[in-house]
Each structure stands twice: as structure tokens, then as C-alpha cells.
Amino acid sequence: MGQGQSKGELLYQQVSYGNCEGIKALHREGAGLEWMDKEGKTALIVACMNPELYNVAKTLIQLGANVNAYRPGRHAGTPLHHAAKRGLESMVKLLLLHGANPLILNDDCQTALEVARAKGHSNVVRALESHLCLFSGWLREFHGPGFLEVVAPQLVSRKVWAVVLPVGSNARPFKLELAIYSTLQMHIHVQLLLCGRPI
């Protein structure tokens, strides 16, 4: 062990080497999984920032690392925020599968979904929306004079992909977001906030 280094710090250092066996050995010796560096990053946050460290992230989660560990400050967020920011779909799915909370807000008051949207990572947006959604599917959007809807609906309508999602925490009354996309590739995004009542 390096002079003045804790076992948790040594475990943290093994992450960047991708050394799953070293991480497991140090954990068996009592090394903690939640040691933070001076920037507030835990071992799992570091792993979730690099696509080559998927197996390390999986190992840390299996050992009991906190999937909702929060890094405060300028680059704030949970492991899910960091994976979403980098467009790491497989990492996002791994975290969601193991209980990561997609509704946690970072210091900029953004969820991981909002971070992924801002960065244009449509694959991550789709993964997060499919995990969160209350409804998704094709809808017909009508525009133009009402009488044409009856006579020639194909002239005044188009199909859009719609997703209904919860917004924020589980506060009551809860809010819902309606996301509308012109295609499944999500080139256009429109959102409306709807107030809902508890069911």
C-alpha cells in the first residue's frame, strides 16, 4: 500500500487500469467502494465516464457500489448523469438495470435525460425514455382547417412519435412531460408540461 493511501483510494486507482480482479481483491480486504477523489468522483463515477470501463462498472455495482452516488460541483451528477453526458448507452442501461434513479437532478437542475437531450445523444435519450415512460407510440397530429380533417385527413395530418414521462421527483401533484418527435431519430423535440393528479 502506498504511503498514506487508504485501501479505498487504492481500489479507486485500479479503476482507470481496468483491473477488475484487483478491485475485487482490495474489496475483500475491506476497501470501501465510495472513496472520492478531490473532485468528488467515486470509482463508479470514473468507470461510467469511459466506455472501455463497462466491465469495471459492472464489477463495482456487483460489489455494492452506490449507483446514485452524487458528485457535487461544476461537473455535478450521478454515474447516470456522467454516462448520459458521454452518450454511453450500454452504461446507462447497466445503471438503470441496477436501480439508478433517472429523476435525480444535478446542480444545473437537469436529469440524466435532459443532459442526454442537450448533448444530442438520441440512443441514450431513447434508453432513458423507454425506462421512464408511461406511454410511447405513434400519434396523428392534425393541423389546418377543421373541416379538412373530415374530408381529407392525410392532407392535414402527420404521424409523430410521442412519449409521456414523469418530471422531477415524486412530489404531488406530479408533473408529466409530453415529448413529441417527428421521427424515431428524434430530430425535432417539443415538450409540454402537464399537471397531473395522483391516480
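Everything numeric here is computed off the predicted structure, so don't read it as measured data.

Another aspect to go through is the overall build of the protein chain. A tally of helices and strands in the protein chain yields nine helices and four strands. The order of α-helices and β-strands along the protein chain, N terminus first, is α-α-α-α-α-α-α-α-β-α-β-β-β. The 199 residues of the protein chain split such that 43% are buried. Counting only contacts in the protein chain whose residues sit at least 6 apart along the sequence, the fraction spanning at least 24 positions is 52%. Put simply, the protein chain shows about 11,000 Å² of open surface, and 55% of that area lies on carbon and sulfur atoms.

To continue, consider unusual backbone geometry. At Cys109, a residue that is not glycine, the phi angle is positive and equals roughly 60°. Structurally, the position occupied by Cys109 is in the loop between helix 6 (89-97) and helix 7 (112-119). Judged by its relative accessible area of 55%, Cys109 is exposed.

A contiguous nonpolar surface patch, about 280 Å² in accessible area, is contributed by Leu134, Phe135 and Leu139. As for its placement among the helices and strands, Leu139 is situated in strand 1 (residues 135-142).

Taken as a whole and assessed by the stated rule, the structure comprises seven salt bridges. Between Glu21 and Lys24 there is a salt bridge, with its nearest N and O atoms 3.6 Å apart. Highlighted residues: Glu21 and Lys24, both in helix 2 (residues 20-28), separated by three residues, approximately one helical turn. Across the pair Glu39 and Lys41 runs a salt bridge whose closest N-O atoms are separated by 2.9 Å. Given the relative accessible area of 14%, Lys41 is considered buried. In the salt-bridge network here, residues are joined through shared partners; they are Asp37, Glu39, Lys41 and Arg71.

The next point concerns the nonpolar core. The biggest cluster of nonpolar side chains holds 44 residues, and the ones touching the most others in it are Val15, Leu44, Leu60, Leu95 and Leu128. With five residues, the single largest contributor to this core is helix 6. If near-sequence neighbours (up to four positions away) are discounted, Leu60 is found in contact with Leu11, Val15, Ile23, Leu33, Ala43, Leu44, Ala47 and Ala65. Val160, Ala162, Val164 and Phe174 belong to the second-largest nonpolar core, a separate cluster that totals seven residues.

Attention shifts here to the environment of Gly8. Positionally, Gly8 belongs in helix 1 (residues 7-17). In this structure the C-alpha to C-alpha distance between Gly8 and Gly30, which are 22 residues apart in sequence, comes to 8.2 Å.

Rules used throughout
Residues numbered from 1 in each chain as written. Predicted model: local features only at pLDDT ≥ 70, side-chain atom pairs only at ≥ 80, totals over all residues. Heavy atoms only, no water. Helix = DSSP H or I, 4+ residues; strand = E, 2+ residues; numbered from the N terminus. Buried < 20%, exposed > 50% of the residue type's maximum accessible area, 1.4 Å probe, protein only. Contact = heavy atoms within 4.5 Å. Areas by Shrake-Rupley, 256 points an atom, 1.4 Å probe, with all protein chains shown as cover. Patch = residues over 30% accessible without salt bridge, like charges linked within 9 Å, V, L, I, M, F, W, Y side chains within 5 Å. Salt bridge = Lys/Arg side-chain N within 4 Å of Asp/Glu carboxyl O. Core = buried A, V, L, I, M, F, W, Y, C linked by side-chain atoms within 4.5 Å.

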